[in-house]
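Now for the letters of each chain:
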Amino acid sequence: MSRLRETALHHLYAGKARMIEFNGWDMPVWFSSIEKEHLAVRNAAGVFDISHMNRTDIEGADAEKLLEYACDAGISGLGAGDMRYTHMLNENGGIIDDGIVFRLEDEHFLFVTNACTETRVNDWLARLVSAGNYRAKLRHEGPDRAMIAVQGPLAAQTLRAILGADIRELGRFKFVIRDSLIVSRSGYTGEDGAELIGSGPAVGEVFERLLESGVQPCGLGARDTLRLEMGYPLGCVDVTEEVTPLEMGAEKLIDFSKDFVGKSAIVGKAATRRFRGVLTDQPAVLRGGSEVLSGGRKVGVLTSGTLSPVLRRGIGMGFFPANMQPGSELTVNLRGRLLSASLTKPPFIRKQ
Amino acid sequence: MSSVPQDLLYTKEHEWVRVLGEGGICVVGITDYAQSKLGDVVVIDLPKVGSKLAFMQTAATIESYKAVSDIYSPLTGEVKEVNPELSSNPGLVNAEPYAKGWLFKLAPSELGSERAKLLGPDSYANLIAGLS
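Residues numbered from 1 in each chain as written. Chains lettered and ligands numbered in written order. Predicted model: local features only at pLDDT ≥ 70, side-chain atom pairs only at ≥ 80, totals over all residues. Heavy atoms only, no water.

A.B. asks: Teacher, can you tell me more about the interface of chain A and chain B here?
C.D. replies: Interface size, as often reported, equals the accessible area lost upon joining of the parts. Contacts between the two partners involve 19 residues from chain A, matched on the other side by 13 residues from chain B. For the pair chain A and chain B, the summed buried surface comes to about 1,300 Å²; carbon and sulfur atoms form 52% of the total. The largest share of the area that chain A buries against chain B comes from A:Arg18, A:Trp30 and A:Arg287, three residues that together contribute 33% of it. At the boundary of chain A with chain B, the tally comes to two salt bridges. Between B:Glu63 and A:Arg335 there is a salt bridge whose closest N-O contact spans 3.0 Å. Between the two partners, chain A and chain B, sit eleven residue pairs in polar contact (both at pLDDT 80 or more). (Contact = heavy atoms within 4.5 Å. Buried area = accessible area lost by both parts, 1.4 Å probe. Salt bridge = Lys/Arg side-chain N within 4 Å of Asp/Glu carboxyl O. Polar contact = N/O pair within 3.5 Å; in protein donor to acceptor, adjacent residues only side chain to side chain.)

Laid out in structure tokens, this is it:
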């Protein structure tokens, strides 16, 4: 087995966290406890090292055209300082990955995608550039660069004391560049907060000052339970190339007025299955792979799941018949244990 | 460092046994090392009172956010009591693995012969030192 990759912040917490291998990276799964970290983000503030995310810098006269063609969401409407969630589809309309496009300047973008698809996304973008003769240069951020997420109701005020900038003056999904750091008002937890991208030392300094301010360091375990409570899909786990954006319920995000890869496969089509949530009536740790039944008949399989630390009930995500109504009674087969559950339209918890 | 109390016996699978009095009742739980590896314990499935367990038979399951673990009965015997606190507060297994986080009590029927198959505190401490 080859050596695991280490992020630019790894040395700041090595030996202080329980580590796991995550898509080839040596990453913290928890620092103290998944539950403690989860509740710190819901009630105060937590910080995550997410430097393993794949970041592609795209610059050139045709950078916008390239992204318009590569992404299902509209890109040309973005101004500098705007961000947009999008999918990148294959020719069959399957999702290669989901990600966020940052417009840095008129002809300069940053595309943040998942760690698990790094090779696939990088090869795919390079193929589109050469096939379309786009004047666009792709540069993939290396291990000298870092990214953190600072999340929770106290994240903004804590960051203000460190950066001297208040993210609450930014709209959601907007960013500013401050002392070479990209500071965006965004996240993957359902809480208000920011994501920061920059050089390893610059981001590392903010990371350490956040810890000194009492912000809870959080691992990938809490990142997963937090995103599941909000019903956010996870790349390569819930979202794969076998899934279309219609099945994700993402029609409103798609700009059908433009041409993009995969459009012909999905335009005018209706999904027969939908990405939905499952909520049990008792505490249980739901897991991906569990079959879900309705009236004794298999209607779906969970793609991911957990126990909700806030609700103290099992929550899971998966694909279910599109005509099945939220509220429908279900049974989850968790390793032979049959649990009563209901179909839900996430989020599982409501945020103000 | 995980704590390994001197007055207990252990299994290689990280259960502990406290022999009470003359050995009429034994208390069973999981070790500090085991709970630290599992992380937050959130769901525990305990055996039924009155059920008969064989040596190292699956007796319970403990779930954390990241894993499901089988818990084995360190002795042959009959389950006399299960910890009633754990259904509402499974985190006791993390907070006090050797005290309030005990799992079940059993009346052993083969204690005399099975005792020798269990590890003493020094052997168990050596075992986990080699693992971590």
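A.B. asks: How do you make sense of the sheet that holds strand β15 (residues 291-294) of chain A when you look at a structure like this?
C.D. replies: The pairing of strands in a sheet comes from backbone hydrogen bonds and takes either a parallel or an antiparallel form. Read around the closed barrel, six strands run β14-β17-β16-β15-β18-β19 (chain A), paired in antiparallel fashion. The average undirected angle you get between the axes of adjacent strands in this sheet is 40°. (Pairing = 2+ DSSP bridges. Helix = DSSP H or I, 4+ residues; strand = E, 2+ residues; numbered from the N terminus. Axes fitted to C-alpha atoms, helices over the stretch in contact; angles between N-to-C directions.)

A.B. asks: Can you walk me through the domain arrangement of chain A in this structure?
C.D. replies: For chain A, the domain assignment lists domain 1 (10-51 + 143-230), domain 2 (54-140) and domain 3 (272-344). Look at where the C-alpha atoms of domain 2 of chain A and domain 3 of chain A centre, and you get two points 34 Å apart. (Domains from an automatic or database assignment.)

A.B. asks: Help me out: how do you make sense of the packing of helix α3 (residues 63-70) of chain A against helix α4 (residues 118-132) of chain A in this one?
C.D. replies: For any two helices packed against each other, the geometry comes down to the angle between their axes and how far apart the axes lie. Residues and elements named next belong to chain A. The geometry of α3 relative to α4 is characterised by a closest axis approach of 11 Å and an angle of 120° between their N-to-C directions. Relative to α4, the element α3 lies oblique. In this structure, α3 meets α4 at a crossing whose hand is right-handed. Along its contact with α3, which presents Leu66, Tyr69 and Ala70, the element α4 presents Leu125, Leu128 and Val129. Classifying every residue of the contact of α3 with α4 gives six nonpolar, no polar and no charged. (Parallel < 35°, antiparallel > 145°, perpendicular 65-115°, else oblique. Left-handed = near helix turned anticlockwise from the far one by under 90°. Nonpolar A, V, L, I, M, F, W, Y, C, P; charged D, E, K, R; others polar.)

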